[in-house]
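Observations on the three-dimensional arrangement
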Amino acid sequence: LGSKNVYDLKLTANVNKYIYPDDKDLCIIKERDIDNKFDFSNGMKFKEHIFDASLVNVKAYGYDHMLLIDKLDDNLLKIENDKYILEIKSSFNAVQIYTDNYVNNIIMKGTDEIRHRAVAIEPQNNQLSDLTLKAGQKYKQYIIYNFRRK
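Residues numbered from 1 in each chain as written. Predicted model: local features only at pLDDT ≥ 70, side-chain atom pairs only at ≥ 80, totals over all residues. Heavy atoms only, no water.

Counted by the stated rule, this structure contains 7 salt bridges. The structure contains a network of salt bridges with shared partners spanning K78, E80 and K150. (Salt bridge = Lys/Arg side-chain N within 4 Å of Asp/Glu carboxyl O.)

What follows covers the pairing of strand β7 (residues 84-90). Buried residues dominate β7, accounting for 6 of its 7 residues. With 4 bridges connecting them, strand β6 (residues 77-80) and β7 associate as antiparallel partners. Looking at the pairing, L77 lines up with I88 of β7. Between β6 and β7, which pair antiparallel one after the other, the connecting turn spans 3 residues. (Buried < 20%, exposed > 50% of the residue type's maximum accessible area, 1.4 Å probe, protein only. Helix = DSSP H or I, 4+ residues; strand = E, 2+ residues; numbered from the N terminus. Pairing = 2+ DSSP bridges.)

Right, let's talk about the confidence of the model for the chain for a bit. Averaged over all residues, the pLDDT of the chain equals 84, while 83% of them reach at least 70. The spread of mean pLDDT over the elements of the chain runs between strand β3 (residues 28-33), the lowest at 78, and strand β4 (residues 44-45), the highest at 96. (pLDDT = per-residue confidence, 0-100.)

Attention now moves to the side chain of D100. Mapping D100 onto the fold places it in the loop between β8 (94-98) and β9 (120-124). Its relative accessible area of 12% is what places D100 among the buried residues. Of the polar contacts made by the side chain of D100, one reaches the side chain of R117; its length is 3.2 Å. Aside from chain neighbours lying at most four places away, what touches D100 is I114, R115, H116, R117 and A118. (Polar contact = N/O pair within 3.5 Å; in protein donor to acceptor, adjacent residues only side chain to side chain. Contact = heavy atoms within 4.5 Å.)

Grouped together as the largest cluster of nonpolar side chains are 27 residues, with contacts concentrated most on Y63, L67 and I97. Elements represented by at least two residues in this core include exactly β1 (10-13), β2 (15-21), β5 (64-69), β6, β7 and β8. For this core, the element with the most residues is β2, which contributes 3 residues. Other than its neighbours up to four places away in sequence, L67 contacts L11, V15, K17, Y18, F38, F40, N93, A94, V95 and I97. (Core = buried A, V, L, I, M, F, W, Y, C linked by side-chain atoms within 4.5 Å.)

This is the structure in C-alpha cells:
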C-alpha cells in the first residue's frame, strides 16, 4: 500500500481464534482464543502490538499466525493506510498473516533493509481442519482482491 513498513497499516477482520506456531520450527500446534494482539474486529494498526514480548521473544519475531475467521460474510478482511484500502473477499475460513519478520543478510541496493517492511496476506483453509475430499467431490474456493484509493 505504499508504506515503508507495516506499523501504520490497519487490519480489520472478524477473527475468533488464531493458530499459534510452536517456537522451535514454527509448525502449527493449536487454536487459541483471541487476545488483544489478535483482536482485529474494530481495526488495529500493527504497531499497537507487533513489539509485544509474546510476539518478538519467540522465533516468529512478529506476526506469523493463521487467523480463523469468525463468520464468512463476503469480507474476509480489510487492510488500509491513510491513502489506500485493500479489501479481500474469500470463501476460505482462515488467513495467514506474516509481517516480514526477518532481516536478510543482503541489503538490496538503494534500500534500507528493515524488519516488518511488508505484510503477506494468504487466505486459506484452517490447517487444523480435515481437508480430505471424497471421490467425485469438487473443491471450489475463491479470493477477490479490491484495491482502491480512499
